[in-house]
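Spelled out, the chains give:
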Amino acid sequence: MGYTLTEKILGRAAGRPVSPGEVTELKVDLVAFHDLTGYHVIEVMEKAGMSKIFDQERLVVAFDHLSPPPDPRSAEIQVSIRKFVRKMGVKNFHDNNVGILHQLMVEKYAEPGQVILAADSHTTTSGALGAFAQGMGASDIAAAVVTGRTWMTVPEPFKVSLKGAPGKWIGGKDVALKLLGEFKADYFNGKSIEVHVEDPHSFPVDYRATVSNMGIEMNADALMFVPDAETVRFIKENRGYEPKVITPDRDASYQEAYDLELNKLEPLVAVPHSVDNVKGASELEDVEVDQVFIGSCTNGRLSDFEVASKILKGKKVRTRTIAIPASYEQFKKAMDLGYIKDLVDSGCVVTYGTCGPCLGGHFGVAGPGETVLSTSSRNFKGRMGSPDAKVYLSGPAVAAATALTGKITDPRGVQ
Amino acid sequence: MIVEGPVLKYGDKIDTDVIIPAKYLKSTDPAFLAQHAMEPIDPQFYQRASKGVILVAGKVFGMGSSREQAAIALKAAGVRAVLAESFARIFYRNAVNNGLPVITVPGISREASEGQIARVIVESGEVRIGERTLKGKGITGMALKILESGGIMEYLAKVS
């Protein structure tokens, strides 16, 4: 019997065949952290007297949560990390002008078949390219930074097949929310989701990154897209070389599988305060919204800005709207294609690649009693600021349509 | 390793944004973090937990962000162990790495009531509440050694 993608990747990293449920040690290909967790990682290393890193080429550091620093303590945290980066000779360091760590991993670093660990839960995003990527806490990451190794329990692979092509205004977020609504947030705990796309180019890497990003909201250990022609196209186009591809065996056996018909999806929204409390946008059209946020490592990519600009171009937003591309690369492309101008002309506040208000950081946190519609990944109580705020989650089309009307709006009804 | 205390009870899907909001993450100081533990849903938590408690919860306790301060805050606030129907993977590891016992106990959210005394044997996962005994998933091997040392740092200091 053949191997699943999970077994192939983790088996290679462990140096021996592995099976779901067993605990194994394994080699890590890439380790990463950002400012808000990085200082904690460094603190753990220093307290433990660990004064080396496993590989100067295979540690990625990016500033995104506290970028640019909103207060002296944030600036101090960044100062301490820059010192560490210089001292250790870290080659892949991205200061305040590059973008969100997970987006940079997708643009520059992640490859099919790698094991990637980072001190942030949304590390799962790199699963878009077929990497086994997962987040860990500061102590576990400190150990990985020093040794290049970790331990984990091999998850049970779960197969999702995406059939057909998504309709107008449907994207990665609707797939992620469909899985959350259908299975609920605890179902994939201890499992790795392997997504097989029937028609690779109908579901581009941008969409895949949104779904993989929200793998952590499903509590999956990893959410990987099986590498295919679209994976190769993306890496070749963005980095100029063709990656080696690793895929599950044809006769790999999965204990569970789920088929999702993309053409049957409607625009979906997660309702406060839970990611798996999912409804159709059309059922929520009486909900008034105080702020719309388009951005984050979940939905701050070029395709998201393309959708927003299609809906907002030549019109004025009725709700205060903040838009933040996930990286400078996305920002520049969106600018070259005119999307940024469309958004600015429509009245959006547009700023550059940072996590912003997603985690209640800065650039537009929610006040008491406010309702936010956000393209980010979490609507937990207090996540975007005040615990008395309400956060709804959607893809960029619902967000842009909502910005125009001031109420949650199904984009299919917008002229 | 045996821990004991009165039960403080919460529901399903308690996430780490609730356990310790992001605005406090620029610190790793246990005493500071403890004062803000569970603040969004239970502003009195710090007082209620201070004498030492066993936290009981439902499914995927600690889901969401990887912030290790979630485990640090609970432990420093007085939580002696967390018993839940299930745990999110990252939180579970963070808790062990910070010396906070975490035991998966099927049925615990039905069986335990607020204020009851719970007694937990960490190695076997056996939980005694009133007259009832529940069987949870004990902690053994390396994870137990880390817990007994009080956390991964303390463990590393001991073995090196």
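This structure is a prediction, so every number in the text was calculated from the model and none was measured. (Residues numbered from 1 in each chain as written. Chains lettered and ligands numbered in written order. Predicted model: local features only at pLDDT ≥ 70, side-chain atom pairs only at ≥ 80, totals over all residues. Heavy atoms only, no water.)

### Examining the overall build of chain B
Now for step 1: Summing up its helical and strand segments, chain B has eight helices and seven strands in all.
Now for step 2: Relative to its length of 160 residues, chain B is compact, with a C-alpha radius of gyration of 14 Å against a globular reference of 15 Å.
Now for step 3: Dimensions of chain B, computed from C-alpha atoms along their principal axes, come out at roughly 45 × 40 × 25 Å.
Now for step 4: Counting across all 160 residues of chain B, residues that qualify as buried make up 59%.
Now for step 5: Contacts in chain B between residues far apart in sequence, at least 24 positions, make up 66% of those at least 6 positions apart.
Now for step 6: As presented, chain B carries roughly 6,100 Å² of accessible surface, and 54% of it is formed by carbon and sulfur atoms. (Helix = DSSP H or I, 4+ residues; strand = E, 2+ residues; numbered from the N terminus. Rg over C-alpha atoms; globule rule 2.2 N^0.38 Å. Buried < 20%, exposed > 50% of the residue type's maximum accessible area, 1.4 Å probe, protein only. Contact = heavy atoms within 4.5 Å. Areas by Shrake-Rupley, 256 points an atom, 1.4 Å probe, with all protein chains shown as cover.)

### Structural notes on the packing of aromatic side chains
Now for step 1: What the rule picks out here adds up to 19 aromatic pairs over all chains.
Now for step 2: For the pair Phe183(A) and Phe188(A), a centre-to-centre distance of 4.9 Å together with 50 degrees between the ring planes defines the contact as tilted. Judged on exposure class, the residue Phe183(A) and its partner Phe188(A) are both buried.
Now for step 3: Considering the side-chain rings of Tyr24(B) and Phe32(B), the 5.8 Å spacing of their centres and the 75 degrees angle between planes classify their relative orientation as edge-to-face.
Now for step 4: Overall, the relative accessible area of 30% leaves Phe32(B) in the partly exposed class.
Now for step 5: The structure contains a cluster of three or more aromatic residues connected by ring pairs, namely Phe158(A), Phe183(A), Tyr187(A), Phe188(A) and Tyr258(A). (Phe/Tyr/Trp six-rings, centres within 6.5 Å; stacked < 30°, edge-to-face > 60°.)

### Quick notes on unusual backbone geometry
Now for step 1: At the junction of Ser67(A) and Pro68(A), the peptide bond is cis and its omega measures out at -20 degrees in the coordinates.
Now for step 2: Here Pro68(A) is to be found in the loop between β3 (59–62) and α3 (72–88).
Now for step 3: In this chain, Pro272(A) is followed by His273(A) through a cis amide linkage whose omega measures -10 degrees.
Now for step 4: Secondary-structure assignment places His273(A) in the loop between β12 (268–270) and β13 (278–280).
Now for step 5: Despite not being glycine, Val60(B) has its phi angle at roughly 35 degrees, a positive value.

### A word on the nonpolar core
Now for step 1: By size, the foremost hydrophobic cluster in this structure holds 108 residues, and its most contacted members are Phe33(A), Phe45(B), Phe61(B), Leu74(B) and Phe91(B).
Now for step 2: Counting only domains with at least three residues in this core, you end up with domain 1 (7–262) and domain 2 (268–413) of chain A.
Now for step 3: One finds Leu177(A), Val195(A), Leu262(A) and Met63(B) within the second-largest nonpolar core, a separate group that totals 43 residues. (Core = buried A, V, L, I, M, F, W, Y, C linked by side-chain atoms within 4.5 Å. Domains from an automatic or database assignment.)

### Quick word on the side chain of Ser386(A)
Now for step 1: Among the structural elements, Ser386(A) can be located in the loop between β17 (371–374) and β18 (390–394).
Now for step 2: Not counting the four nearest positions on each side in its chain, Ser386(A) is found in contact with Ala366(A), Gly367(A) and Pro368(A).

### Digging into the sheet that holds strand β16 (residues 349–350) of chain A
The strands making up a sheet associate through backbone hydrogen bonding, with each pair oriented either parallel or antiparallel.
Now for step 1: Ordered in space as β13-β12-β18-β17-β14-β15-β16 (chain A), the seven strands form an open sheet in which the pairing is mixed. Edge positions in the sheet fall to β13 and β16 of chain A, since each of these pairs with one other strand and no more. (Pairing = 2+ DSSP bridges.)

### Some words on the pairing of strand β15 (residues 320–324) of chain A
All names here are of chain A.
Now for step 1: Most of β15 is tucked away, with four of its five residues classed as buried.
Now for step 2: In this sheet, β15 lies alongside strand β14 (residues 291–295) in parallel orientation, the contact comprising five bridges. Paired with phenylalanine 293 across the strands is isoleucine 322, a residue of β15.
Now for step 3: Of the strand pairs in this sheet, β15 and β16 are connected by two bridges, and their pairing is parallel. Considered in β16, the bridge of isoleucine 322 is made with valine 349.

### As for the domain arrangement of chain A
Residue and element names in this part refer to chain A.
Now for step 1: You can read the domains of chain A as domain 1 (7–262) and domain 2 (268–413).
Now for step 2: Listed as interface residues are 36 residues of domain 1 and, on the opposing side, 41 residues of domain 2.
Now for step 3: Roughly 3,000 Å² of surface becomes buried between domain 1 and domain 2 when both sides are summed, with 58% attributable to carbon and sulfur atoms.
Now for step 4: Taken together, the connections running from domain 1 to domain 2 amount to one salt bridge.
Now for step 5: One salt bridge in this structure joins arginine 378 and glutamate 217, with 2.9 Å as the shortest N-O distance. (Buried area = accessible area lost by both parts, 1.4 Å probe. Salt bridge = Lys/Arg side-chain N within 4 Å of Asp/Glu carboxyl O.)

### Observations concerning helix α8 (residues 152–159) of chain B
Since the α-helix packs 3.6 residues into each turn, any two residues three or four apart lie on the same face.
Now for step 1: Residues Ile152(B), Met153(B) and Tyr155(B) constitute the buried set of α8(B). Seen from one end, α8(B) has its buried residues packed into an arc of 160 degrees, which puts them on one side. Residues of α8(B) that are exposed and point more than 90 degrees away from the buried face comprise Ala157(B) and Lys158(B).
Now for step 2: Looking at the buried residues of α8(B), the elements they touch are α2 (35–47) and α5 (138–147) of chain A together with α5 (89–97) and α7 (141–149) of chain B. (Arc of directions from axis to C-beta.)

### Re the pairing of strand β3 (residues 79–84) of chain B
Residues and elements named next belong to chain B.
Now for step 1: By the criterion of burial, β3 is predominantly enclosed, with five of the six residues buried.
Now for step 2: Both strand β2 (residues 53–57) and β3 contribute to a ladder of five bridges, which runs parallel. Among the inter-strand pairings, alanine 57 is bridged to a residue of β3, identified as alanine 84.
Now for step 3: In the classification by handedness, the crossover that spans β2, the intervening helix α4 (residues 69–77) and the parallel β3 is right-handed.
Now for step 4: Taken together, the three bridges between β3 and strand β4 (residues 102–104) define a ladder with parallel strand orientation. Paired with leucine 83 across the strands is isoleucine 103, a residue of β4.
Now for step 5: As for the winding sense of the linkage, the β-α-β connection from β3 through α5 to β4 is right-handed. (Right-handed = clockwise from strand over helix to strand, strands pointing away.)

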